[in-house]
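Coordinate analysis (summary)
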Amino acid sequence: MAIATGIIVANLNYIQPIEGLIAASFHVSKASVGVVAMLTQLGYAFGLLLIVPLGDIFNRYHLIQAMLGFSIIALFLAFWAPSITIFGMASLLVGITSVAPQIIIPYAAYLAPSLHQGKVLGNVLSGLLTGILLSRSVSGLLGSVLSWQYVYLVAAVICGILLLILHRFLPRDPRGHQSMNYRKVLASLPKLLAQEKHLQGSAINGFCLFGVSNVLWSTLAFYLAHQYHYGSGVAGLLGLLGITGVLFASIIGRMVDVYSPRMTIGLGILFSTIAFVVFAFLGHVFVGLIIGIILLDLGTQFGQVSNQAIVQSLSLEASSRNNSIFMFSYFLGGALGTFFATFAWSHFGWVGVCSVAAIFLVLALGGHLLLREPQKLQRDMQ
């Protein structure tokens, strides 16, 4: 499950290190490619809202494989796209169809023993973060030696192999199909958000921290080219610095189980804030850039693991819907972070990028203080 989440979520991030190459290939501005990158995140957000709740209705074993099949088709379309318009449509479809990881995560939580749920989620989310950081590295390196289109062809082939493996080894869903109506499931989403204060807090925190993460990753290739005259290969290699977050994911999961998700989310905000202070004052020094990336990925992982543990502790019956609400907000924040960061880069440079991050971090701190996260998860008290 961890490997599957990593391979599928990678589809969302292939575009980030090769944005400059895409702009040059289609003879469009960097801001236009930034809009396409935003479409990928936005498509994922709406896929989370409209497709992930199906995990509470349909057999997850079949649903995960179906979504992976549609994702393969979208990747082939992105590989073939002859224009920026068609590539934009393909990117939107890649986002919409790559939601299987967010069906797998509550599925893993459902199958896990309750007292070890945080550790299990930490392991699965390690796979998720590994996919994110390796996708940037693979994309950047492939883009430096081959035409950028082959990034999507390779992704489609890998997902095809994964589909065969999942068909053979993915655990069968003991629940089978449920009798719930899809329209009623969608109508229940606002009610769940209104009822669950902790879900509201996680939605705001995820929106802000992933928005901050995308502020960096959507503009890093531009900044490297401008400040250091580096290409997509270096942007991809810097993605490997996220290994810090991968190594800490299971540790963070245990910290959530043993200590307090409120404490770990606070650490996530703190690390992300320090990261952008470093970017603002030392980003012109390559060592400063490296330190900031490590801190930012660590802060993102603290927030992601902690929020997922909170969300999956709320209700087993509504686990997919709660995850859908949280991840919709999460990737909506990512899409807006991408859009505003690329806009700020085009008009105000690196200072504008850091200013956008500051706004997201102020919102994260406000949500942390007003909608207080639980000191202990509900499942620990059951």
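Predicted model, so just to flag it, every value in this text is computed and none were measured. (Residues numbered from 1 in each chain as written. Predicted model: local features only at pLDDT ≥ 70, side-chain atom pairs only at ≥ 80, totals over all residues. Heavy atoms only, no water.)

**Let's talk about the nonpolar core**
Test applied: Here the nonpolar core consists of buried residues drawn from Ala, Val, Leu, Ile, Met, Phe, Trp, Tyr and Cys, with membership extended through side-chain atoms lying within 4.5 Å. Accessibility here uses a 1.4 Å probe with only protein chains present; expressed as a share of the type maximum, an area under 20% marks a residue as buried, one over 50% as exposed, and anything in between as partly exposed. For this analysis, residues touch if any pair of their heavy atoms sits within 4.5 Å.
Counting residues in each nonpolar core, the largest one holds 82 residues, and the members touching the most others are I22, L48, I64, F87, Y152 and F331. Excluding its chain neighbours within four sequence positions, the residues that come into contact with I22 are I15, V33, I84, F87 and W148. L216, A221, W345 and F360 belong to the second largest nonpolar core, which has 38 residues in total.

**Brief notes about the packing of aromatic side chains**
So the rule is basically this: Only the six-membered ring of Trp is used, alongside the rings of Phe and Tyr, when aromatic pairs are assigned; centres must lie within 6.5 Å, and planes under 30 degrees apart are stacked while those over 60 apart are edge-to-face, with the rest tilted. Note on conventions: DSSP H or I runs of at least 4 residues are helices, E runs of at least 2 residues are strands, and numbering of each starts at the N terminus. Charge over a ring is defined by NZ of Lys or CZ of Arg lying within 6 Å of the ring centre and within 35 degrees of the ring normal.
Here the structure, examined in full by the defined rule, presents 24 aromatic pairs. Consider the rings of Y14 and Y152, whose centres lie 6.4 Å apart with planes at 80°: the pair is edge-to-face. With a gap of 138 residues between them, Y14 in the loop between α1 (2-9) and α2 (19-26) and Y152 in helix α8 (residues 149-169) connect regions that are remote in the sequence. With a relative accessible area of 8%, Y14 lands in the buried category. Pairing F26 with F87 gives two aromatic rings, centres 6.1 Å apart and planes at 35°, and the pair type is tilted. Of this pair, F26 sits in helix α2 while F87 sits in helix α5 (residues 84-97), and the two are 61 residues apart along the sequence. When sorted by exposure, F26 lands in the same class as F87, which is buried. These aromatic residues form a ring-pair network of at least three members: Y223, Y228, Y230, F276, F279, F286, W345 and W350. The positively charged end of R60 is found above the aromatic ring belonging to Y110, 5.8 Å away from the centroid.

**Digging into a nonpolar patch on the surface**
For clarity, the cut-off: Patch members must show over 30% relative accessible area and no salt bridge, and they are joined within 9 Å when carrying like charges or within 5 Å when they are nonpolar side chains of Val, Leu, Ile, Met, Phe, Trp or Tyr. All accessible-area figures derive from a Shrake-Rupley calculation using a 1.4 Å probe, and residue coverage is judged against the displayed protein chains alone. Within this document, salt bridges are pairs made up of a side-chain nitrogen of Lys or Arg and a carboxyl oxygen of Asp or Glu, the two lying within 4 Å of each other.
A cluster of nonpolar side chains, namely V277, F281, L282, V285, V287 and I291, defines an oily patch on the protein surface of about 540 Å² accessible area. Counting only elements with at least two residues in the nonpolar patch, the list comes to α14 (261-282) and α15 (286-312). Looking at where V287 falls in the secondary structure, it is placed in helix α15. Accessibility expressed as a relative area gives 53% for V287, which makes it exposed.

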